[in-house]
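# Descriptive structure summary
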Amino acid sequence: MRAQVVVIGAGPSGLIAAREAARRGVDVLVLEEHAQIGLPVECAGLLSLRGLKAIGAYGARERFVLNELRAATFYSPSGRELRIEAPKPVACVVDRHELDVVLAEQAMDAGAEVELGRLVKRISIRPGGVELGGSWGSVSAELAIVAEGFRSRLVRQLGLRGLDWRRVLPASQIDVPAPDVDEEGVEVHLGRGVAPGFFAWVIPLGDGVARVGLACRGADPRDMLRAFLKRRFGLRGIETAYSGSVLKCGPIPKTYAERALVVGDAAGQAKPTTGGGVILGGLCASIAGQVAAEAVEAGDFSEPFLSSYERRWRRLLGAEFSAMKKARALLDIMPDGALDVAFELAKRAGLAERVPEIADMDFQSSLLRRLPRLITPGPGRRRF
């Protein structure tokens, strides 16, 4: 079996890359290890509406959007609250299974072929192309796009450096009855007693149900989640439904090799601040699909030609990842007392009223760069 471009992994990044390459007339084959698109679900599913437009999924949102959100309430370690509201919805919580199905349909409508139950265990670059194989057999192509997720086996086989696993956190999540939650806003709970090294989230799905989870360092997230569920909702004896991981490491140093591109979680293209990777990974995947089509047209699959993929996505998102990594590093070393002080400063500075004008869930650098000036007392402001 042979294709011009083989995409390994049918998550959002892989499907978007496949869609963009196929739309440009390339023969694309997608290989997915699982028996169904979008399963198992390993995502909280909180996405920006602007981001859905950017990855080309907004038009089908009625199929996968469970609830639209316009607010977020942040809780400091001691319980201080900071609520940020927008005048209209800016985010949504999605059925990730259905979102992936929509993206798969888009890729197939563009001409891509998707094969399920194809776990790729090996990749080898040869003078005439790239060969991929597993227990099911093998396939050859002119170019491979590796989109198999953060557990990627193939990145190192390409001679590339993988994720910094010191900054990949275990996580747990479950959907629970939550009749008292704000249906229009998420909750973010900070503090070492709640989720050391990260935070806990409460995302309203609608109809009195919330998606509750957390990631942490140095503790079992299942135990931490049970404690949080008891404290926040009075729930006891609930088994967690999903255990996964959150990436806060940022992108790997190099995302291309001869005849290969790496996208999405396999490339570490997730937000270090929140771990979300669907939108930013999807934007990078769109670029990968375009570059793959250009490589096929030019008949050039060398590293110098494919390096344009990395130049383009870093031009778009490099500053974002850099700012988010710095913010995450600062949050990781801040003691709970300092977080409480930061909350108090933010409230006194009226940050909640100013953030909606400049904040973007995905492009966070503008807010992160201005945040110290926004919360630091200046002339005419009351100081501690």
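Quick note: structure is the one above.
Here is a short report on the structure shown in this document. The model shown is predicted, which means the values in this text are computed figures rather than measured ones. (Residues numbered from 1 in each chain as written. Predicted model: local features only at pLDDT ≥ 70, side-chain atom pairs only at ≥ 80, totals over all residues. Heavy atoms only, no water.)

### What to know about the overall build of the chain
In terms of regular secondary structure, the chain is built from 10 helices and 18 strands. The C-alpha atoms of the chain give 21 Å as radius of gyration, which agrees with the globular expectation for 384 residues (21 Å, within 12%). Counting only C-alpha atoms and orienting by the principal axes, one finds that the chain spans roughly 70 × 50 × 40 Å. For the chain, the residues scored as buried account for 55% of the 384 residues in total. Of the contacts made within the chain by residues no fewer than 6 positions apart, 71% connect residues no fewer than 24 positions apart. Per element, the accessible surface of the chain, about 16600 Å² overall, is 51% carbon and sulfur. (Helix = DSSP H or I, 4+ residues; strand = E, 2+ residues; numbered from the N terminus. Rg over C-alpha atoms; globule rule 2.2 N^0.38 Å. Buried < 20%, exposed > 50% of the residue type's maximum accessible area, 1.4 Å probe, protein only. Contact = heavy atoms within 4.5 Å. Areas by Shrake-Rupley, 256 points an atom, 1.4 Å probe, with all protein chains shown as cover.)

### Some words on helix H8 (residues 336–348)
For H8, built from 13 residues, the straight-helix expectation of 18 Å at 1.5 Å per residue is met to within 8% by its first-to-last C-alpha distance of 19 Å. Taken as a whole, H8 has its buried residues at Leu-339, Asp-340, Phe-343, Leu-345 and Ala-346. One or two positions beyond H8, positive phi appears at Gly-350, with a value near 70 degrees. (Expected span 1.5 Å × (residues − 1).)

### Overview of the nonpolar core
The biggest cluster of nonpolar side chains holds 57 residues, and the ones touching the most others in it are Val-5, Val-28 and Tyr-309. No other element matches the 13 residues that helix H6 (residues 278–298) contributes to this core. Other than its neighbours up to four places away in sequence, Tyr-309 contacts Thr-255, Leu-261, Val-262, Val-263, Gln-269, Cys-284, Ile-287, Ala-288 and Val-291. (Core = buried A, V, L, I, M, F, W, Y, C linked by side-chain atoms within 4.5 Å.)

### A few points about the pattern of salt bridges
Considering all chains together, one arrives at 28 salt bridges under this definition. Between Arg-211 and Asp-175 there is a salt bridge; the shortest N-O distance is 3.0 Å. Of this pair, Arg-211 sits in strand E15 (residues 209–215) while Asp-175 sits in strand E12 (residues 168–177), placing them 36 residues apart in sequence. Residue Arg-211 is classed as buried on the basis of its relative accessible area, which comes to 12%. Its relative accessible area of 40% is what places Asp-175 among the partly exposed residues. Residue Arg-222 pairs with Asp-220 through a salt bridge whose shortest N-O separation is 2.9 Å. (Salt bridge = Lys/Arg side-chain N within 4 Å of Asp/Glu carboxyl O.)

### Points about the packing of H6 against helix H7 (residues 303–333)
When two helices pack together, you describe them by how their axes are tilted relative to each other and by the distance separating the axes. H7 packs onto H6 with a crossing angle of 165 degrees between their chain directions and a minimal axis gap of 7 Å. If you check the angle between H6 and H7, you find them roughly antiparallel. The handedness of the crossing between H6 and H7 is right-handed. Of the residues in H7, those touching H6 at Leu-280, Leu-283, Cys-284, Ile-287, Ala-288, Gln-290, Val-291, Glu-294, Ala-295 and Ala-298 are Phe-305, Leu-306, Ser-308, Tyr-309, Arg-312, Trp-313, Leu-316, Leu-317, Phe-321 and Met-324. The residue makeup of the contact of H6 with H7, split by class, is 16 nonpolar, two polar and two charged. (Axes fitted to C-alpha atoms, helices over the stretch in contact; angles between N-to-C directions. Parallel < 35°, antiparallel > 145°, perpendicular 65-115°, else oblique. Left-handed = near helix turned anticlockwise from the far one by under 90°. Nonpolar A, V, L, I, M, F, W, Y, C, P; charged D, E, K, R; others polar.)

### Examining the environment of Arg-217
Inspection of the secondary structure assignment puts Arg-217 in the loop between E15 and helix H5 (221–233). Relative accessible area serves as the criterion here: at 37%, Arg-217 is assigned to the partly exposed category. Residues Arg-217 and Ala-298, spaced 81 residues apart in sequence, show a C-alpha to C-alpha distance of 47 Å. The residues touching Arg-217, leaving out its near neighbours within four places in the chain, are Arg-166, Arg-167, Val-168, Leu-169, Pro-196 and Gly-197.

### Things to note about the pairing of E12
For E12, a buried count of seven out of 10 residues is recorded, marking the element as mostly surrounded by other parts of the structure. Note that E12 and strand E16 (residues 242–247) share six bridges and pair antiparallel. Note on E16: the bridge partner recorded for Gln-173 is Tyr-242. As paired elements, E12 and E15 share seven bridges and run antiparallel to each other. Residue pairing across strands places Val-176 opposite Ala-210, the latter belonging to E15. (Pairing = 2+ DSSP bridges.)

### Quick word on unusual backbone geometry
For the bond from Leu-39 to Pro-40, the omega torsion is 0 degrees, close enough to zero to count as cis. Backbone geometry at Asp-207 places phi at a positive 55 degrees, although glycine is not the residue there. Locating Asp-207 in the fold gives a position in the loop between strand E14 (200–206) and E15. Owing to a relative accessible area of 80%, Asp-207 belongs among the exposed residues under this scheme. Phi is positive for Arg-259, which is not a glycine, with a value near 60 degrees. For Arg-259, the position within the fold is in the loop between strand E17 (256–257) and strand E18 (260–262).

Just distances and angles here, no functional claims.
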